[in-house]
Structure formats: structure tokens, C-alpha cells
Amino acid sequence: MLAFYYAVAVIGQVTQASFMKLNNKTPEGDVVRFSFFKAFFAFLLFFLLFFVTRDTFHLPTMLYGILFGVCIACSSFFGYRALGIGPLSLTYMLFNFCIVISCLYGVILQHNTVTLSWYLGFALMFASMALLNFKFGKKKDVQGEQKGALSLKWAILVAITILGDGFCQISQTAHQSAYPELHQVGFMMWAMLTWSVIFLAIALFTGKLRMSRRYLRSDLYAAGSGLSNSLANFFILKLAAMSAATLLFPTLSVVTMLAALLAGIIFFREKLSLTQIAGFLLGAGSIFLMKVQF
């Protein structure tokens, strides 16, 4: 069952990222509109499941869910802004440092046991991510414009994104530590509702919710991305009740990145460089070292 949960979580994350990539290729694609509909469709799914599974209102779960919703909204909005003004590979690489936050939480507050092999694997994980994201030449953003130099604004946006992602992981772990395998649907419902409300407010303020058939393709991509993302986070929540944070999030991060590269090769005809192949091998080695714990 553990392997099944990991598989669904990874497939969900790669699928939602693929829909985001498809949306970036559409001329009508917009981050605010896309994020709202992504969160809204995810909320609808868990709103229905909340009543189907006869989950009950639980105040602490609502608060944990709201925290997750605020953090994922910050991460998605500021992360997109950071990618728009900074180097693509470096920015993506730095986003992965959110794992440090969740791992520190696991070691310091949850007293997760770690060994020398875990530290070696953790170090290899970042080396793997650096190689997997490394490409020669100038980086371009989704509009095809060349990136500028690093700036204080870019650094602040990256820092907010890292904190947002890190506290998303902490909220999942903390909730399932307090209430193992309980109120998981309720957690996701409140999280997706919060995310939806935040981007609804932004969309209304910026006038991004105009109804038109020209947005249909982008809105369908948002629905697919939202449903797959919510399912991925639901199963990550289940895994948080079964796995230590120091193992769960590093493993998910590396496996998801490897799966995303494979999806890029198969579905988007992307090609791997020698450095990325080396990153594959290091990634597999890092997972092995973190799991064996010697």
C-alpha cells in the first residue's frame, strides 16, 4: 500500500506539472486565472468527498488546512513571479530547498532518527537536483524572454516560495502526527477552499475572470492540474501518517523530478544531457542511502 501511495502522489504531481506546461504554451494562459480554477476544481472534488465519506467538522483540521491553503497560494503565486525574472534552472533548484525546512522539523520537533547514510543521501539529493536542472546556454522564461541578472526582488520571491512550500509540508506532517489517518478529506477541503478564495480575490481585483470561450482550453488544463494536484497532496497526507518527514519529502522530491524528466522525454520529446543522466544516477543513489539508514 505504501508503494501505491507513493506512485499516485508522484503521478499526480507530474500530471499537474504537465498541465501547467501545456497552459504555458497557450496564448490565453494566465497564472492568476489558471491558479483560481486549479484550486476551485480541487475544492469541488474534496467538497463532494467530504459528504460522501461522512467526514465531520474538526476545528484543528480546519486551521491546519487553512495554513496549507495560504502557504500553497503564496508558493504558486510568488514562485511563478520568481521564475519570470530569474534564471530558470537556478530558481527551480532553489525551490527544492524547502525540503530542508520539513526535514529540520522532523529532526528537531518530531525527533526523527537519522544516520550517516541519510546525511550522505541528503547531500547527494541536492547534487542530483543541480545536475537534473543544469542546462548550457541562456535561460528563457515562459514568454521566451531572456532572463536578467539576479536581483534582491528575485531573492525575496524565491525565499517566500521556499517558505511556502516548506510550511505546506510541515502542515501535512503536523496534522497527521496529531490526528493519524483522520480528517484527511476535511484537511484537503479546507486547504483547497482557502487557496480558491485567495486567488478568487486576486482574480476579481485584476479582472482575470472574464467569461469567454477563448479561455476554455486554459480552464480545462487548470481543471486537470487541480484535480491531479489535489489527489497527489491527498496521498502525501496519507503518507505523512506512515513515514518520517526526513524520508518522505526527500524521496518524493527526487522521484517526482526523475518522473517529470521521463514524462518530458516521452510526451514532450525533450532530450537529456549527460549531466542530467548523471543526475538520474545520483538521485537513485540518494534515495537508496536515505532509506537503508546505516
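Relevant structure appears above.
Here goes a summary of the coordinates provided. Note that this is a predicted model, so its numbers are computed, not measured.

This next bit is on unusual backbone geometry. Located in the positive-phi region is histidine 111, a residue other than glycine, with phi close to 55 degrees. Relative to the elements of secondary structure, histidine 111 occurs in the loop between helix H5 (98–108) and helix H6 (116–133). Taking relative accessible area as the criterion, histidine 111 reaches 61% and is therefore assigned exposed. A positive phi angle is found at glutamate 181, which is not glycine, with a value near 60 degrees. Tracing the chain through its elements places glutamate 181 in the loop between helix H7 (152–178) and helix H8 (184–206).

Turning our attention to the packing of H8 against helix H9 (residues 216–240). When two helices pack together, you describe them by how their axes are tilted relative to each other and by the distance separating the axes. Across the interface, H8 lies against H9 with an axial gap of 10 Å and an inter-helix angle of 140 degrees. Judged on the interaxial angle alone, H9 and H8 are oblique. Read as a crossing pair, H8 and H9 show a hand that is right-handed. Across from Gln184, Val185, Phe187, Met188, Met192 and Trp195 in H8, the residues of H9 making contact are Asn229, Ser230, Asn233, Phe234, Leu237 and Lys238. Residues of the contact of H8 with H9, tallied by class, amount to 7 nonpolar, 4 polar and 1 charged.

Let us look at the packing of H5 against helix H10 (residues 245–267). One can describe the packing of H5 onto H10 by two numbers: an axis separation of 8 Å at closest approach and a directional angle of 160 degrees. The angle between the axes of H5 and H10 places the two elements in the roughly antiparallel class. In this structure, the crossing between H5 and H10 has a hand that is left-handed. Here Ile99, Ser102, Cys103, Gly106 and Val107 of H5 come into contact with H10, specifically with Ala245, Thr246, Phe249, Pro250 and Ser253.

Attention now goes to the nonpolar core. In globular proteins that are soluble, nonpolar side chains generally tend to be buried together. Judged by nonpolar contacts, the single largest core of 42 residues is most densely connected at Phe68, Met188, Met192, Trp195, Leu248 and Leu252. Taken together, the elements giving at least two residues each to this core come down to helix H1 (2–24), helix H2 (31–52), helix H3 (59–85), H8, H9 and H10. Beyond its immediate stretch of four places on either side in the chain, leucine 252 contacts Tyr6, Ala9, Val10, Gln13 and Ile236. The next biggest cluster of nonpolar side chains, apart from the first, holds 27 residues, and it includes Ala82, Ile162, Met257 and Leu261.

Criteria and cut-off values
Residues numbered from 1 in each chain as written. Predicted model: local features only at pLDDT ≥ 70, side-chain atom pairs only at ≥ 80, totals over all residues. Heavy atoms only, no water. Helix = DSSP H or I, 4+ residues; strand = E, 2+ residues; numbered from the N terminus. Buried < 20%, exposed > 50% of the residue type's maximum accessible area, 1.4 Å probe, protein only. Axes fitted to C-alpha atoms, helices over the stretch in contact; angles between N-to-C directions. Parallel < 35°, antiparallel > 145°, perpendicular 65-115°, else oblique. Left-handed = near helix turned anticlockwise from the far one by under 90°. Contact = heavy atoms within 4.5 Å. Nonpolar A, V, L, I, M, F, W, Y, C, P; charged D, E, K, R; others polar. Core = buried A, V, L, I, M, F, W, Y, C linked by side-chain atoms within 4.5 Å.

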